[in-house]
Amino acid sequence: MTLSDKYTDALPHSPAHPLPEDLVRQAPKVLLHDHLDGGLRPRTVVELAQEAGYDALPTTVPAALGEWFRDAADSGSLERYLETFAHTCAVMQTAPALFRIAAECAEDLAADGVVYAEVRFAPEQHLAAGLTLDEVVDAVNAGFREGERRAAAAGRRILVSTLLCAMRHADRALEIAELAVAHRDRGVAGFDIAGGEIGNPASRHAAAFDHLRSEGARVTVHAGEAVGMESIREAVLRCGAHRIGHGVRITDDIEIAADGSVRLGRLASYVRDMRIALEVCPTSNLQTGAATSYPGHPIDLLRRLGFRVCLNTDNRLVSGTTMTQEFQHLATAFGYGPAELEEFTVNAAKAAFLPFDERTALVDEVIRPGYARLRSRSLGHVPVRDAAAA
Ligand SMILES: O=c1[nH]cnc2c1ncn2[C@@H]1O[C@H](CO)[C@@H](O)[C@H]1O
Ligand SMILES: [Zn+2]
């Protein structure tokens, strides 16, 4: 029995009334953890590969390619999951390709009901055809602006900010930190570090984190995914992370006694006390082995304990998912309804790397009214169980 099984056994669930998928899709959602190079449309990968003369794709049939990514990434290991990104990065080496991918990303997120997104990528992985780091960032940001315009024309408002990733195994983190600071008034909201966690401690990039701290820049760190508490401790206490990507292994620092009483260790307390958001990505966690099943996923335990948890996709192509699907998995596993979706959304908005007044406006003017509308509509919805009994 896992820790979260034990804890959830001790608490009653809200009744399982599955929400119709279109209601979940229309609900306003905030997405803080989504990789640009993990979320391409399969057809776009195929078309750009043809244009670039890249002939190493496992298949050129878009639907089969989508399945290939999901299956290949379903390996139980973060390292193997990350190997699949060679195919997407291969077709992301020119300004027009980056522009197209970013524009389509914004359109796809808007169609999924996302109203605010922070989308990340590693500029250093897009230099193979001669672009500079600045040109890569400019092309992606121009693509997001185009995608926002197209979404608005289709009646959907979305705002997309960029996060720049350094890679744990590489040695360009300071340069990327400087790039994030240089572009912070031009679409870049913060910095992240991604890549293989085992054997690549974030603290090796102390100079980058020192620079970010001295500039007052916003920082999130992938941690507590393949490595446990030690990695989260470093991210928070040495790297100054304001949010943690994944962070699910914080449960190693939470003890639940037989009588149901809960004791948080010093690190788990710090994360909860300081409202450090955990950017949780359930499907990705199942693929990389960071969690074993949706019902066994610690997201529900962490939510109930009052951690600032938000729900994310990580990689829509590689994990074969959307925000709507991530929520539906949790609705099935934990009996979640609109209240929990709203809670995750407000948590994400509070943790967004936006100015305070914009976060407040997002909550008060977009999210709260959106869920009030959703509640009034879902009252008319007959839950599946009741419908069967009628
Ligand atoms: O869940 C993850 N953990 C660690 N690194 C990741 C994850 N998903 C994607 N990337 C890495 O981040 C890079 C920049 O977007 C991707 O190329 C991939 O290598
Ligand atoms: Zn990630």
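- Naming follows an unreviewed UniProt entry, where the chain appears as Adenosine deaminase of Streptomyces olivaceiscleroticus.
- On record in UniProt, under Function (unreviewed entry), the comment for the chain is "Catalyzes the hydrolytic deamination of adenosine and 2-deoxyadenosine."

So, the site of ligand 1
- Near ligand 1 there are 16 residues, and of these His 35, Asp 37, Gln 125, Glu 225 and Asp 314 occur at the shortest range.
- The separation between an oxygen atom of ligand 1 and a polar side-chain atom of Asp 37 is 2.5 Å.
- Gln 125 places a polar side-chain atom, nitrogen or oxygen, 2.8 Å from an oxygen atom of ligand 1.
- Relative to its unbound accessible area of 420 Å², ligand 1 is 98% covered by the protein chains.
- Taken together, the residues that form the shell around ligand 1 break down as seven nonpolar, six polar and three charged.

What to know about the packing of helix 7 (residues 95-111) against helix 8 (residues 133-153)
- Contact geometry for helix 7 and helix 8: axes closest at 7 Å, N-to-C directions at 35 degrees. Judged by the sense of rotation from one axis to the other, the crossing of helix 7 with helix 8 is right-handed. Mapping the contact onto sequence places Ala 95, Leu 98, Phe 99, Ala 102, Ala 103, Cys 105, Ala 106, Glu 107 and Ala 110 in helix 7 and Val 136, Ala 139, Val 140, Ala 142, Gly 143, Phe 144, Glu 146, Gly 147, Glu 148, Arg 150 and Ala 151 in helix 8.
- Class assignment for the residues of the contact of helix 7 with helix 8 results in 14 nonpolar, two polar and four charged.

Focus on the sheet that holds strand 10 (residues 309-311)
- Strand order in the open sheet made by the four strands is 5-6-9-10, with parallel pairing throughout. The open sheet has two edge strands with one neighbour each: strand 5 (220-223) and strand 10. For this sheet, the mean angle separating the axes of adjacent strands, direction not counted, is 25 degrees.
- In this structure, strand 6 (residues 243-246) lies alongside strand 9 (residues 277-280), joined through three bridges in parallel fashion. The residue of strand 9 that forms the bridge with Arg 243 is Ala 277.

A short note on the sheet that holds strand 3 (residues 159-167)
- The sheet built from four strands is open, its strands ordered 1-2-3-4 with parallel pairing. Of all the strands in the sheet, just strand 1 (29-35) and strand 4 (188-194) have a single pairing partner and so form its edges. Within the sheet, the average angular offset between the axes of one strand and its neighbour, ignoring direction, is 25 degrees.

Focus on the packing of helix 3 (residues 42-52) against helix 4 (residues 62-73)
- The geometry of helix 3 relative to helix 4 is characterised by a closest axis approach of 8 Å and an angle of 110 degrees between their N-to-C directions. By the angle between their axes, helix 3 is roughly perpendicular relative to helix 4. Between helix 3, through Pro 42, Arg 43, Val 45 and Val 46, and helix 4, the contact on the second element is made entirely by Pro 62, Leu 65 and Gly 66.
- The residue inventory of the contact of helix 3 with helix 4, partitioned by class, reads five nonpolar, one polar and one charged.

Remarks on the UniProt feature "active site" (unreviewed entry) in the chain
- UniProt annotation of "active site" (unreviewed entry) refers to Glu 225 when read in the numbering used here.
- Topologically, Glu 225 is positioned in the loop between strand 5 and helix 11 (229-238).
- Once residues within four sequence positions are removed from consideration, Glu 225 is found in contact with Leu 78, Glu 197, His 246, Arg 249, Ser 284, Thr 288 and Ala 290.

Digging into a nonpolar patch on the surface
- The grouping of Leu 237, Tyr 270 and Met 274 at the surface amounts to a nonpolar patch, some 290 Å² of accessible area in total.
- Counting through the fold element by element, Leu 237 comes out in helix 11.

A short note on the packing of aromatic side chains
- Throughout the structure, instances matching the rule amount to six aromatic pairs.
- When the centroid spacing of 5.7 Å and the interplanar angle of 90 degrees are considered together, the rings of Phe 191 and Phe 209 count as edge-to-face. With Phe 191 in strand 4 and Phe 209 in helix 10 (residues 206-215), this pair connects stretches of sequence that are 18 residues apart.
- Look at Phe 209 and you get buried, because its relative accessible area is 1%.
- Grouped by ring-pair contacts, the aromatic residues Phe 327, Phe 334, Tyr 336 and Phe 344 constitute a single cluster.
- Over the ring of Phe 353 we find Arg 243, and its NZ or CZ is 3.8 Å from the ring centre.

Examining the coordination of the zinc ion (ligand 2)
- Taken together, the protein ligands of the zinc ion (ligand 2) are His 33 (NE2), His 35 (NE2), His 222 (NE2) and Asp 314 (OD), with distances of 2.1 to 2.2 Å.
- The coordination sphere of the zinc ion (ligand 2) comprises four donor atoms, whose angles at the metal cover 84 to 168 degrees; the geometry is irregular.
- Sequence positions of the residues that donate to the zinc ion (ligand 2) give the spacing H-x1-H-x186-H-x91-D.

Thoughts on helix 4
- Taking 1.5 Å per residue, 12 residues should reach 16 Å; helix 4 reaches 17 Å between its end C-alpha atoms and fits that length.
- Contact partners of the buried residues in helix 4: helix 3, helix 5 (78-83), helix 6 (85-90) and helix 13 (282-288).

Comments concerning the environment of Arg 80
- Following the sequence through the fold, Arg 80 ends up in helix 5.
- Between the C-alpha atoms of Arg 80 and Gly 196, which are 116 residues apart in sequence, the distance is 9.5 Å.

Things to note about the UniProt feature "site: Important for catalytic activity" (unreviewed entry) in the chain
- Mapped onto this numbering, the UniProt entry annotates "site: Important for catalytic activity" (unreviewed entry) at His 246.
- By the secondary structure assignment, His 246 is in strand 6.
- Exposure remark for His 246: the relative accessible area of 0% places this residue in the buried category.
- When residues no more than four places from it in sequence are discounted, the contact partners of His 246 are His 33, His 222, Ala 223, Glu 225, Leu 278, Glu 279, Val 280, Cys 281, Ser 284, Asn 285 and Asp 314.

Cut-off values and rules
- Residues numbered from 1 in each chain as written.
- Chains lettered and ligands numbered in written order.
- Predicted model: local features only at pLDDT ≥ 70, side-chain atom pairs only at ≥ 80, totals over all residues.
- Heavy atoms only, no water.
- UniProt positions renumbered as here; feature names shortened; annotations may be inferred.
- Near = heavy atom within 4 Å.
- Polar contact = N/O pair within 3.5 Å; in protein donor to acceptor, adjacent residues only side chain to side chain.
- Areas by Shrake-Rupley, 256 points an atom, 1.4 Å probe, with all protein chains shown as cover.
- Nonpolar A, V, L, I, M, F, W, Y, C, P; charged D, E, K, R; others polar.
- Axes fitted to C-alpha atoms, helices over the stretch in contact; angles between N-to-C directions.
- Helix = DSSP H or I, 4+ residues; strand = E, 2+ residues; numbered from the N terminus.
- Left-handed = near helix turned anticlockwise from the far one by under 90°.
- Contact = heavy atoms within 4.5 Å.
- Pairing = 2+ DSSP bridges.
- Parallel < 35°, antiparallel > 145°, perpendicular 65-115°, else oblique.
- Patch = residues over 30% accessible without salt bridge, like charges linked within 9 Å, V, L, I, M, F, W, Y side chains within 5 Å.
- Salt bridge = Lys/Arg side-chain N within 4 Å of Asp/Glu carboxyl O.
- Phe/Tyr/Trp six-rings, centres within 6.5 Å; stacked < 30°, edge-to-face > 60°.
- Buried < 20%, exposed > 50% of the residue type's maximum accessible area, 1.4 Å probe, protein only.
- Lys NZ or Arg CZ within 6 Å of the ring centre and 35° of its normal.
- Donors = N, O, S within 2.8 Å, 3.2 Å for Na, K, Ca; no water.
- Tetrahedral: all angles 85-135°; square planar, octahedral: opposite > 155°, others 65-115°.
- Expected span 1.5 Å × (residues − 1).

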